Amino acid sequence: MSQESQLKRQGIAASGGVCRGRVHLLDKKHLHVPQHRVSKDQLEAELSRFESAIVQTRKELKAMHQSLKEKVGSQHADIFEAHLMVLEDAALLQETHQMVRDNGCNVEHAYWSISEKYARAFEAMEDDYLRERAVDLRDVSQRVLTQLMGQQDDMRLYQLKVPSIVVGHDLTPSMTAMLDRNMVLGFATDVGSQTSHTAILARALQIPAVVGLHNISQQLREDDFVLLDGYNGMVVQNPSDQILFEYGQFIRMHEDQEARLAKVRDLPAITLDDHPVALEANLDQPEDAAAILKQGADGVGLFRSEYLFLNQTQWPDEATQAQAYQSVVETLPRRPVTIRTLDLGADKLSHLVHSGEESNPALGFRAIRISLAREDIFQTQLRAILRASHHGQLRVMFPMVTSLEELEGSLRHLEACKAQLQAEGTPYDDDIQVGVMIETPAAAMIVDELAEKVDFVSIGTNDLIQYAMAVDRTNDLIAGLYQPTHPAIIRLISQVTQRAHAAGTQVGVCGEMAGEPVMVPLLIGLGVDELSVAPPLVPRVKYLIRRLKLEEARDFAAKALKMSTSAEILQATQGLVRRLVPEIMPMNTHDLSTL
Ligand code: PEP
Ligand code: MG
């Protein structure tokens, strides 16, 4: 690759790691199969759209069959006969109809969900022949979807055949949750920010990612060769041999750091002056629970239960949910597992509850607001959590609370579910710990009253910063205004810890701030008892805690509370952490000689 053609682009570092490979470009306009509700009187029209798409696809397949037969003979053209059979498959058609009718959702979403369900089942089979049927099924479903919605490039995202770096305008959290970790080396997007759920998931999945690159999806072409540096938020197109060499060294240095961190993994998170910190991990998908154990976390401080509801064809019932929660507690015996009730809304939309667009979704129908409006959904989830609580140390917590009434309403539902289970003779933990998230300035201001009603509070700094600073946490254009060290945020956290402690209630932080080593001494100094972080960050945070004195952290926090700008606080805390643990500070590649 020639040195001249090397091009560097700077974005926002969303998920650490370096990778290099060929670009797989997503189509900007059709990033995902749309999901929306269809009103009852439109259901027939929706289904007849489906019929037309099937008729058109049938015509297309027959024409291709004929043309190939003429060119290369019927033996090679038979593949299209097989595709025609897939197209006419009664179960696929019938279940799609059923889903549209039962769930009142659009047909693209129904057809895609059902066909993916079957494709994945085929893929999991031992038999080579049956496994290959997944490819046929997806080929056919792509054709039908193309009829329904035009080019649907994102389908290919879930069926990459070669490990690639995915580049697109945006990836939604639900798309990210479905990425094949073996095939997606990393991803780069035009929009996004560090605390968007897409970035949070990428960190949990350990997929290197750079977001907020503005127009990368227009600048790169399919199959371009790029190097992606998720530590420093950089994408280098046509990297020179020299830069590849320098990055090779950088990766080795990083591996040395990881080896150093691995040594503290199984040691307690305790300061030099013997102050224990509960260091837990955030969990997005139940299957990642084992990874949490490996990273040496004390438990789960935040299980984002809404991921069980995304990408679903129908609402997971009580037994399905109970099984998911139970599998997590059983994977983490004798450790607390905190299930946060449903936090759909904002950037995590589900056709199961959302119809139409909201103009301000982050301020809209979200989280506890949905649960309180939909008793059926809420009580199903609470019953499932309670049933699973019989199998381990489960805790439950409520997101996005803004008032005492919301918390009391939630607690009433919890009590009602306990009474139901009691009457049915179903076992559950009657002493299950209950918590409330402090994610809105309103909740922070009344934390003393909220804390009286619960066993613990957990500060969701991702949202608290968004709502206190009036900065959309997903918007790359204003990412610079999203400042965790803003004095307003530091003072809010301080007030929350003091008032909650006065009520005898423990305080955790489960936003991304908790996993940022530079913030850890400050949070501990402000009185935070528990940190819950992305699983891969557990050893780094633990290493730092073990090099810190509580007294020093408290003195530092007291000074920070008197500072008046975020830059001042950031600089001071960076200085402290560099002094304490220079050997594990994140590495900077900006000054590599060739960049
Ligand atoms: C938060 O807001 O800090 C939080 C942990 O919740 P989420 O990131 O899922 O909104
Ligand atoms: Mg939140």
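Residues numbered from 1 in each chain as written. Chains lettered and ligands numbered in written order. Predicted model: local features only at pLDDT ≥ 70, side-chain atom pairs only at ≥ 80, totals over all residues. Heavy atoms only, no water.

A.B. asks: So, the packing of aromatic side chains: which residues are in play, and what are the values?
C.D. replies: Scanning all chains against the criterion turns up five aromatic pairs. With a centroid separation of 5.4 Å and 55° between ring planes, the pair formed by phenylalanine 50 and tyrosine 111 is classed as tilted. Within this pair, whereas phenylalanine 50 is found in helix α1 (residues 43-72), its partner tyrosine 111 is found in helix α4 (residues 107-123), the two being separated by 61 residues in sequence. We note that phenylalanine 50, like tyrosine 111, is buried. Taking 5.6 Å as the distance between ring centres and 75° as the angle between the ring planes, the aromatic pair formed by tyrosine 231 and phenylalanine 250 counts as edge-to-face. Here tyrosine 231 is found in the loop between β7 (225-229) and β8 (234-237), whereas its partner phenylalanine 250 is found in helix α9 (residues 241-262), with 19 residues between them in sequence. With a relative accessible area of 26%, tyrosine 231 lands in the partly exposed category. In this structure, lysine 117 packs its charged tip against the face of tyrosine 118, placed 5.0 Å from the ring centre. Above the ring of tyrosine 543, the side-chain terminus of arginine 547 is found at 4.4 Å from the ring centroid. (Phe/Tyr/Trp six-rings, centres within 6.5 Å; stacked < 30°, edge-to-face > 60°. Helix = DSSP H or I, 4+ residues; strand = E, 2+ residues; numbered from the N terminus. Buried < 20%, exposed > 50% of the residue type's maximum accessible area, 1.4 Å probe, protein only. Lys NZ or Arg CZ within 6 Å of the ring centre and 35° of its normal.)

A.B. asks: How would you summarise the domain arrangement of the chain if you had to cite specific residues and measurements?
C.D. replies: The domain architecture assigned to the chain consists of domain 1 (3-29 + 154-259), domain 2 (40-148), domain 3 (279-436) and domain 4 (439-581). Using C-alpha coordinates to define each centre, domain 1 is positioned 32 Å away from domain 3. Taken residue by residue, the interface counts 12 residues in domain 1 and 10 residues in domain 3. Linking domain 1 with domain 3 are one salt bridge. (Domains from an automatic or database assignment. Contact = heavy atoms within 4.5 Å. Salt bridge = Lys/Arg side-chain N within 4 Å of Asp/Glu carboxyl O.)

A.B. asks: Report on the site of ligand 1, specifying residues and quantitative values.
C.D. replies: For ligand 1, the set of nearby residues contains 17 residues, the closest of which are His197, Arg304, Arg340, Asn462 and Arg473. Bound to the protein, ligand 1 loses 100% of the 290 Å² it would expose on its own. When contributions to the shell around ligand 1 are tallied by element, the ones reaching two or more residues are α7 (197-205), β10 (300-304) and α17 (461-469). Considering each element in turn, the shell around ligand 1 owes the most residues, three residues, to α17. Residues lining the shell around ligand 1 come from more than one domain, with at least three contributed by each of domain 3 (279-436) and domain 4 (439-581). (Near = heavy atom within 4 Å. Areas by Shrake-Rupley, 256 points an atom, 1.4 Å probe, with all protein chains shown as cover.)

A.B. asks: Go over the packing of helix α3 (residues 90-103) against α4, please, and point to the residues and values.
C.D. replies: Two elements in contact, α3 and α4, have axes whose closest approach is 9 Å; the angle formed by their N-to-C orientations is 135°. In terms of axis orientation, α3 runs oblique to α4. For the pair α3 and α4, the crossing hand works out as right-handed. Counted together, Ala91, Leu92, Glu95, Thr96, Met99 and Val100 of α3 and Val107, His109, Ala110, Tyr111, Ser113, Ile114, Ser115, Lys117 and Tyr118 of α4 form the full contact between these two elements. (Axes fitted to C-alpha atoms, helices over the stretch in contact; angles between N-to-C directions. Parallel < 35°, antiparallel > 145°, perpendicular 65-115°, else oblique. Left-handed = near helix turned anticlockwise from the far one by under 90°.)

A.B. asks: Any details on the sheet that holds strand β14 (residues 456-459)? Residues and values, ideally.
C.D. replies: The eight strands are arranged β9-β10-β11-β12-β13-β14-β15-β16 in a closed barrel whose pairing can be described as parallel. Adjacent strand axes in the sheet meet at a mean angle of 25°, parallel and antiparallel pairs treated alike. Two elements, strand β11 (residues 337-340) and strand β12 (residues 394-398), share four bridges in a ladder whose sense is parallel. Each bridged residue has a counterpart across the sheet, and for valine 337 the counterpart in β12 is leucine 394. Relative to the sheet, helix α13 (residues 375-389) contacts β11 and β12, its axis offset from that of β12 by approximately 155°. (Pairing = 2+ DSSP bridges.)

A.B. asks: Hey, could you go over the coordination of the magnesium ion (ligand 2) for me, with residue numbers and the actual values?
C.D. replies: Donor atoms from the polypeptide that coordinate the magnesium ion (ligand 2) comprise Glu439 (OE) and Asp463 (OD), at 2.0 Å from the metal. Linking glutamate 439 in the loop between β13 (433-438) and α15 (441-445) with aspartate 463 in helix α17, this pair joins segments that are 24 residues apart in sequence. Each member of the pair, glutamate 439 as well as aspartate 463, is classed as buried. (Donors = N, O, S within 2.8 Å, 3.2 Å for Na, K, Ca; no water.)

A.B. asks: Hey, could you go over the side chain of threonine 96 for me, with residue numbers and the actual values?
C.D. replies: Within the secondary structure layout, threonine 96 lies in helix α3. If sequence neighbours within four positions are ignored, threonine 96 has contacts with Phe50, Val107, Ala110, Tyr111 and Ile114.

A.B. asks: Explain the nonpolar core to me, and be specific about the residues and the numbers.
C.D. replies: Residues Phe398, Ile438, Val457, Leu523, Ile524 and Leu531 are the most contacted members of the largest nonpolar core, which totals 104 residues. For this core, the element with the most residues is α13, which contributes seven residues. When residues of this core are assigned to domains, at least three map to each of domain 3 (279-436) and domain 4 (439-581). Other than its neighbours up to four places away in sequence, isoleucine 438 contacts Ala443, Ala444, Val447, Leu450, Val457, Ser458, Ile459, Gly460, Leu464 and Val496. Counting 31 residues, the second largest nonpolar core, distinct from the first, contains Ala53, Val100, Ile114 and Val144. (Core = buried A, V, L, I, M, F, W, Y, C linked by side-chain atoms within 4.5 Å.)

A.B. asks: Could you give an account of a nonpolar patch on the surface, with specific residues and numbers?
C.D. replies: On the surface, a nonpolar cluster with roughly 280 Å² of combined accessible area is contributed by Met125, Tyr129 and Leu130. Among the residues examined, methionine 125 registers a relative accessible area of 31% and is labelled partly exposed. (Patch = residues over 30% accessible without salt bridge, like charges linked within 9 Å, V, L, I, M, F, W, Y side chains within 5 Å.)

A.B. asks: Give a description of the sheet that holds strand β4 (residues 164-168) that names residues and reports values.
C.D. replies: The eight strands lie next to each other as β1-β8-β7-β3-β4-β5-β6-β2, forming an open sheet whose pairing is mixed. The outermost strands of the open sheet, each flanked by one partner alone, are β1 (7-10) and β2 (12-15). Each strand axis lies, on average, 30° off the axis of its neighbour in the sheet, ignoring direction. Inspection of the sheet shows strand β3 (residues 18-25) paired to β4 by three bridges, in the parallel sense. Within β4, the position partnered with leucine 25 by the bridge is valine 167. In the packing of α7 onto the sheet, the strands contacted are β2, β5 (184-189) and β6 (209-211), and the crossing angle to β2 comes to about 50°.

A.B. asks: Describe in detail the environment of threonine 380, supporting the description with residues and values.
C.D. replies: Its location among the elements puts threonine 380 in helix α13. What makes threonine 380 partly exposed here is its relative accessible area of 22%. Spatially, the C-alpha atom of threonine 380 lies 45 Å from that of glutamate 81, the residues being 299 residues apart in sequence. Residue contacts for threonine 380: discarding those within four places in its chain leaves Asp317, Glu318, Gln321 and Glu375.

A.B. asks: I'd love a proper account of the pattern of salt bridges, names of residues and values included.
C.D. replies: Any two side chains of opposite charge can pair, on the condition that their charged atoms come close. The tally for this structure, following the rule as stated, stands at 27 salt bridges. For arginine 473, the salt bridge is made with aspartate 463, and the minimal N-O distance between the two is 2.9 Å. Placement of the pair is arginine 473 in the loop between α17 and α18 (487-502) and aspartate 463 in helix α17, with a sequence separation of 10 residues. The burial state of arginine 473 is the same as that of aspartate 463; both residues are buried. A network of salt bridges, in which partner residues are shared, links Glu306, Arg340, Asp343, Arg366, Asp463 and Arg473.

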